[in-house]
Amino acid sequence: IAFTQTLVRFASLRGAEHAIQDFVFRAYRDRGLAMDRFDMDQAAIERHPGGGQFSPEHSKAPIVVGIHRPREEKGRSLILQAHVDVVPEGPHSMWTHPPFEPVIDGDWLYGRGGGDMKAGHAANIFVLDALARIGFKPAATVYVQSVVEEESTGNGALMTHLRGYKADAVLIPEPEDEKLVRANAGVIWFQVEVQGQPAHVRVMGSGANAIDAAYRIVGDLRKLEAEWNAEKGAHPHFENEEHPINLNIGKISGGDWASSVPSWCRLDCRISIYPGTRAEDAANVIRQRIAAFARSDPGLANSPPKVTFNGFTAEGYVLEPGSEAEAVLGRAHAAATGKPLQSFMTGAYLDTRVYALYDRVPALCYGPTSHNIHAFDERVSLSSVKRVTTAMALFVAE
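Below: a short report on this structure. (Residues numbered from 1 in each chain as written. Predicted model: local features only at pLDDT ≥ 70, side-chain atom pairs only at ≥ 80, totals over all residues. Heavy atoms only, no water.)

Bringing the overall build of the chain into the picture now. From N to C terminus, the chain includes 10 helices and 18 strands. For 398 residues, the compact-globule formula gives about 21 Å, and the C-alpha radius of gyration of the chain, at 23 Å, lands near that figure. Seen through its C-alpha atoms, the chain measures out along the principal axes to roughly 80 × 45 × 40 Å. By the burial criterion, 54% of the 398 residues in the chain qualify as buried. In the chain, the proportion of contacts linking residues at least 24 apart, taken out of those at least 6 apart, comes to 82%. Carbon together with sulfur atoms contributes 50% to the accessible area of the chain, which is approximately 17600 Å² in total. Averaged over its 40 positive side-chain charges, the chain has a centre that lies 2 Å from the centre of its 48 negative ones. (Helix = DSSP H or I, 4+ residues; strand = E, 2+ residues; numbered from the N terminus. Rg over C-alpha atoms; globule rule 2.2 N^0.38 Å. Buried < 20%, exposed > 50% of the residue type's maximum accessible area, 1.4 Å probe, protein only. Contact = heavy atoms within 4.5 Å. Areas by Shrake-Rupley, 256 points an atom, 1.4 Å probe, with all protein chains shown as cover. Lys, Arg positive; Asp, Glu negative; His and termini not counted. Charge placed at Lys NZ, Arg CZ, Asp CG, Glu CD.)

Before going further, it helps to spend a moment on the sheet that holds strand β4 (residues 103-105). In sheet architecture, strand pairing relies on hydrogen bonds along the backbone and comes in two forms, parallel and antiparallel. Ordered in space as β4-β5-β18-β17, the 4 strands form an open sheet in which the pairing is antiparallel. Two strands bound the open sheet, and with one partner strand each, they are β4 and β17 (370-371). When β4 meets strand β5 (residues 108-110), the two strands line up antiparallel, connected through 3 bridges. Looking at the pairing, D105 lines up with W108 of β5. On top of the sheet, helix α10 (residues 382-397) reaches β4, β5 and β18 (379-381); it is set at about 55° to β18, its chief contact. (Pairing = 2+ DSSP bridges. Axes fitted to C-alpha atoms, helices over the stretch in contact; angles between N-to-C directions.)

A few words on helix α8 (residues 324-337). Between its first and last C-alpha atoms α8 spans 20 Å; for 14 residues at 1.5 Å apiece the expected length is 20 Å, and the two agree. Within the span of α8, buried status applies to A325, E326, V328, L329, A332, H333 and T337. Down the axis of α8, the buried side of the element spans an arc of 155°, and every buried residue falls inside it. Check the buried side of α8 and you find it contacts β7 (169-172), β8 (180-184), β16 (363-365) and α10. Positive phi shows up at G338, right after α8, with a value of about 80°. (Expected span 1.5 Å × (residues − 1). Arc of directions from axis to C-beta.)

This is the structure in structure tokens:
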């Protein structure tokens with residue numbers, strides 16, 4: 001718990017993860033793991049179909065891998081992975097406790113990133129500590145990976161894949177309410193830039209309001225969102241979800257002066273896609289949809305919006321049941337919790353997609369109960385952390 005609190009104290013926002021990665025490097029090294037620390041290879045990532053788009057905001061922090069190598073390779077190898085990057089915390093006045101000052105209140109540990117996913121990051125380390133304390137060491141190679149860019153491109157996990165790290169199975173303890181992710185939506189980020197015609201508000205009709213035009217584009221994108229949701233019956237594990245495909249208008253900026261018709265507006269958007277849908281194909285649909293709407297809109301026909309894909313270009317996956325790794329996790333979970341392991345679909349991005357899609361190995365996403373991730377008063381249940389860490393240790397051992 002104290003180690004998790006230390007991780008939360010690092011304000012490891014995108015691009016500011018160097019200090020926490022140095023701390024993680026020392027924690028791995030002090031435990032006798034063989035160490036590797038490396039940077040992103042932008043050219044290699046951009047050549048890969050699963051690479052997220054680079055931007056000036058892309059993190060330059062390193063990736064850290066600690067490696068346990070047995071004297072003799074007898075068992076099955078494993079990747080334990082977690083990310084250290086966190087999303088912005090928003091106004092501190094809206095938090096009960098300061099976001100980077102971890103506070104324990106009853107069963108809950110509060111703090112930005114405590115649930116997503118520094119408790120899981122600590123668990124990856126402490127499952128090996130727990131086994132070592134009772135005299136056990138894994139009989140196969142275990143890679144303990146600490147990555148960045150999980151919240152914006154997924155390029156950190158992809159870089160470990162490109163670096164050559166591969167194992168018989170992967171476990172990533174994201175905050176999944178003690179359940180196993182069975183299906184995972186893909187994610188695309190894109191930006192829409194709208195140009196208008198400035199004018200004084202006294203002759204507003206002579207101008208073209210870029211913010212109003214952006215609203216109209218959002219309206220048409222909502223129709224696209226509804227059309228994709230209407231297709232859910234054709235996608236196993238998504239058919240019973242009320243709203244599996246979510247379009248989020250995450251950021252909007254525009255205009256220069258309250259009494260001037262705004263000449264510019266910029267939208268930052270995120271939309272999910274079904275497993276089996278190529279991210280490139282979905283991006284083309286979005287691009288064509290906005291272009292077609294612009295041609296039909298009097299305010300946009302002569303000034304089409306610019307669409308840029310600027311982050312995630314990640315496809316979803318389905319974890320097919322029946323793998324031995326899943327069976328082992330199921331037994332471990334039952335032993336630790338007294339309950340059978342349940343699975344579910346999530347519409348969030350997960351780094352497990354890298355290993356499911358490109359390594360074709362069992363990629364298990366399973367972790368503790370958390371509340372308000374990406375929101376105010378993010379918190380993780382400590383009793384759940386203990387149950388999940390116990391299950392993970394049993395999983396590693398078997």
